[in-house]
Amino acid sequence: MLQKYSLKPNDAILAEESHMPLYDDLLSRKHALIAGGAAQNTARGAQYILPADSVLYIGCVGQDEYAEKLRSACAAAGLRVEYRVDDTQPTGRCGVVITGNNRSLCTHLAAANEYKMEHLKSPKIWDLVQKAKFYYVGGFHLTVCVPAVMALAEEAAAHPDKVFVMNLSAPFIAQFFKQQLEDTSPYWDYVIGNETEAAAWAEAQGGDVKGKSVPEIAMHMAGLKKVNEGRKRTVVITQGTESTVVAVQGEEKVREYPVRTIAKEEIYDTNGAGDAFAGGFVAGIVEGKSLEESVDMGQWLARLSIKELGPQFPSPKQTY
Ligand code: ADP
Ligand code: MG
Ligand code: MG
């Protein structure tokens, strides 16, 4: 499969024309179909912890069987979804070729790229937006519909009690969508990312912060200009098995929370660990838990997800 589609054993790419037959090819072999989408994984993760009907996910799908599969996976997780349904593109898919411990990801965004402002601002959806108290946006969405991201950011800033959380999502967002990311930064109450995303952000910023350590980068991010000055910004950088670094605006030192390692034989798939961490962390924030406990909830949910194939959580439900 790797040779046939010119894929590297360990990689994550966007599909080109030559990759299009990959998906049906995979489906004709031994396979598993798993609901994905980084922010949707995080939404399922937060709902895994929070009381019923706490989380609503908004995105875009096509008119096909895959949209139905996503709907039923989210329904099973108790996650409410309000999808814009695009009539030109199929539902986005990510093909994963697993060889031993290596995995090659090939994403065809398709309908995921077609989210539109009209959907967000439609009376039914905007009413739901206004009722929400916490907003979480994946950095990936900055490649799709920036006005929708900004609308949520501004809605949060207009109400001092509302919270806006952004995830950096991938190094290429900070590299190639620098301006879009920068437009959102004054609205970040919380920003979550991993070590390579933090480094890519610092690299793209240039100047003093370029090439700095993760704690220094986190401090720098925390100190950026902020619209809602009533709430201090919190920056959370995960580093795989290394400690999670948290910088709070105005504090002189970062806080570091070590990761509890799990036995090698218990690790099934680290794919989506960061999405799960974000789900657990945000659930903690929503429940009003301390920063320390919220980080621990993120690490706990990430550990559960690592023991499953892909971004899944164990059933029957485990409680934190
Ligand atoms: P991403 O998936 O975005 O690269 P990380 O690799 O930083 O994110 O992982 C997110 C979190 O998942 C970590 O902070 C940690 O809590 C948990 N995690 C990741 N890998 C492991 C591991 N091998 N053992 C235990 N926890 C892990
Ligand atoms: Mg990682
Ligand atoms: Mg991640």
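Here is what the cut-offs are and how they apply
Starting from 1, residues in each chain are numbered consecutively following that chain's sequence as written. Note on labels: chains are lettered from A, ligands numbered from 1, in written order. Whole-chain, interface and lining totals are the exception, using all residues; otherwise, since this is a predicted model, local features are given only for residues with pLDDT of at least 70 and side-chain atom pairs are given and counted only at 80 or more. Based on all heavy atoms of the structure, the side-chain values leave hydrogens and waters out of the count. By this definition, two strands are paired if DSSP reports at least two bridges between them. For helices the rule is a DSSP run of H or I covering at least 4 residues; for strands it is a run of E covering at least 2, with both sets numbered from the N terminus onward. Looking down the strands as they point away from you, a crossover is right-handed if its path from the first strand over the helix to the second goes clockwise. Working rule for contacts: check all heavy atoms of both residues, and any pair within 4.5 Å makes them a contact. It suffices for a single heavy atom of a residue to lie within 4 Å of a molecule or strand for the residue to be listed as near it. As used in this structure description, the phrase polar contact means that two N or O atoms lie within 3.5 Å; if the pair is within protein, one of them must be able to donate a hydrogen and the other to accept it, and residues adjacent in sequence are counted only when both atoms belong to side chains. Residue exposure ignores everything except the shown protein chains as possible cover, and the areas themselves are Shrake-Rupley values with a 1.4 Å probe. Residues are grouped as follows: nonpolar covers Ala, Val, Leu, Ile, Met, Phe, Trp, Tyr, Cys and Pro; charged covers Asp, Glu, Lys and Arg; every other residue, Gly included, is treated as polar. Lines fitted to C-alpha atoms define the axes here, with helix axes fitted over just the stretch in contact, and angles between the N-to-C directions of these axes take values from 0 to 180 degrees. In this description, a nonpolar core means a group of buried Ala, Val, Leu, Ile, Met, Phe, Trp, Tyr and Cys residues linked to one another through side-chain atoms lying within 4.5 Å. Burial classes follow relative accessibility: with a 1.4 Å probe on protein chains only, a residue under 20% of its type's maximum area counts as buried, one over 50% as exposed, and anything between as partly exposed. A helix is expected to reach a length of 1.5 Å times the quantity of its residues less one. The arc in question is formed by the directions pointing from the helix axis toward the C-beta atoms. In a left-handed crossing the near helix is turned counterclockwise from the far helix by less than a right angle, and in a right-handed crossing that turn is clockwise. Any Lys or Arg side-chain nitrogen located within 4 Å of an Asp or Glu carboxyl oxygen qualifies as a salt bridge.

### So, the pairing of strand S3 (residues 80–85)
In this sheet, S3 lies alongside strand S2 (residues 56–61) in parallel orientation, the contact comprising six bridges. The residue bridging Tyr-57 from the neighbouring strand is Val-81, located in S3. Since S2 and S3 lie parallel, the crossover through helix H3 (residues 65–76) that links them has a hand, and here it is right-handed.

### Focus on the environment of Asp-161
Residue position: Asp-161 is located in the loop between helix H6 (146–158) and strand S7 (163–167). As a C-alpha pair, Asp-161 and Asp-183 span 22 residues in sequence and 21 Å in three-dimensional space.

### Re the side chain of His-19
Mapped onto the elements, His-19 comes out in the loop between strand S1 (11–14) and helix H1 (22–27). Apart from the residues lying within four places of it in its own chain, the contact partners of His-19 are Tyr-5, Leu-7, Ile-13, Leu-14 and Cys-106.

### Digging into the site of ligand 1
Close to ligand 1 lie 15 residues, the nearest being Asn-194, Thr-238, Gly-240, Gly-274 and Ala-302. At 3.4 Å, a backbone N or O of Gln-239 approaches an oxygen atom of ligand 1. Notes on ligand 1: free accessible area 550 Å², of which the protein chains cover 84%. Those elements that provide at least two residues to the shell around ligand 1 are strand S9 (234–239), helix H11 (273–286) and helix H12 (291–306). Here the shell around ligand 1 gets three residues from one element, more than from any other, and that element is H12. Residues of the shell around ligand 1, tallied by class, amount to six nonpolar, eight polar and one charged.

### Some words on the pairing of strand S4 (residues 93–99)
Within a regular strand, the side chains alternate between the two sheet faces. Here S4 pairs with strand S5 (residues 102–108) via seven bridges, running antiparallel. Its bridge partner being in S5, Thr-99 is matched across the sheet by Asn-102.

### Some details on the sheet that holds S5
Across the sheet, three strands lie side by side as S1-S5-S4; this open sheet has mixed pairing. The sheet terminates laterally at S1 and S4, the two strands that pair on one side only. Between one strand axis and the next, the sheet turns by 15 degrees as a mean value, whatever way the strands run.

### Describing the nonpolar core
Formed by 46 residues in total, the largest nonpolar core has its most connected members in Leu-120, Phe-164, Trp-188 and Trp-201. When residues in this core are grouped by element, the largest group, eight residues, is from H6. Apart from the residues within four sequence positions on either side, Leu-120 is in contact with Ile-58, Tyr-115, Ile-125, Trp-126, Val-129, Ala-148, Ala-151 and Leu-152.

### A closer look at H3
Taking 1.5 Å of rise per residue, the 12 residues of H3 would be expected to cover 16 Å, and the 16 Å separating its terminal C-alpha atoms lies within 8% of that figure. Buried residues of H3: Tyr-66, Ala-67, Leu-70 and Cys-74, and no others. The buried residues of H3 all sit within an arc of 105 degrees when viewed along its axis, so they share a single face. Among the exposed residues of H3, those oriented more than 90 degrees off its buried face are Ala-75 and Ala-76. Buried-residue contacts for H3 involve H1, helix H2 (38–49), S2, S3 and S4. After H3 finishes, the residue Gly-78 shows a positive phi value of roughly 75 degrees.

### With respect to the packing of helix H9 (residues 195–205) against helix H10 (residues 214–222)
A pair of packed helices is characterised by two quantities: the angle between their axes and the separation of those axes. Axis separation between H9 and H10 bottoms out at 10 Å; the angle between their running directions is 65 degrees. Between H9 and H10 lies a crossing whose hand is left-handed. Contacts between H9 and H10 pair Glu-195, Ala-198, Ala-199, Trp-201 and Ala-202 from the former with Val-214, Ile-217, His-220 and Met-221 from the latter. Looking at the contact of H9 with H10, its residues break down into seven nonpolar, one polar and one charged.

### With respect to the pattern of salt bridges
Enumeration over the complete set of coordinates arrives at 18 salt bridges. With a shortest N-O distance of 2.8 Å, Arg-71 and Glu-68 are connected by a salt bridge. On the criterion of helical spacing, the pair formed by Arg-71 and Glu-68 is a turn pair, its members being three residues apart in helix H3. Between Glu-82 and Arg-80 there is a salt bridge, and its shortest N-O distance comes to 2.8 Å. According to the relative accessible area criterion, Arg-80 is partly exposed, its value standing at 40%.

### Examining the sheet that holds strand S10 (residues 242–248)
Spatial strand order, S6-S7-S8-S9-S10-S11: six strands in an open sheet with mixed pairing. The sheet is open, and its two borders are formed by strand S6 (134–138) and strand S11 (255–257), each paired with just one other strand. Taking each pair of neighbouring strands and ignoring which way they run, the sheet shows an average axis angle of 15 degrees. The pairing of strand S8 (residues 190–194) with S9 spans five bridges and is classified as parallel. Residue pairing across strands places Tyr-190 opposite Thr-234, the latter belonging to S9. Of the strands in this sheet, S7, S8 and S9 touch H9, which is tilted by about 105 degrees from S8. Packed onto the sheet, H11 meets S6, S7, S8, S9 and S10 and runs at close to 160 degrees relative to S8.

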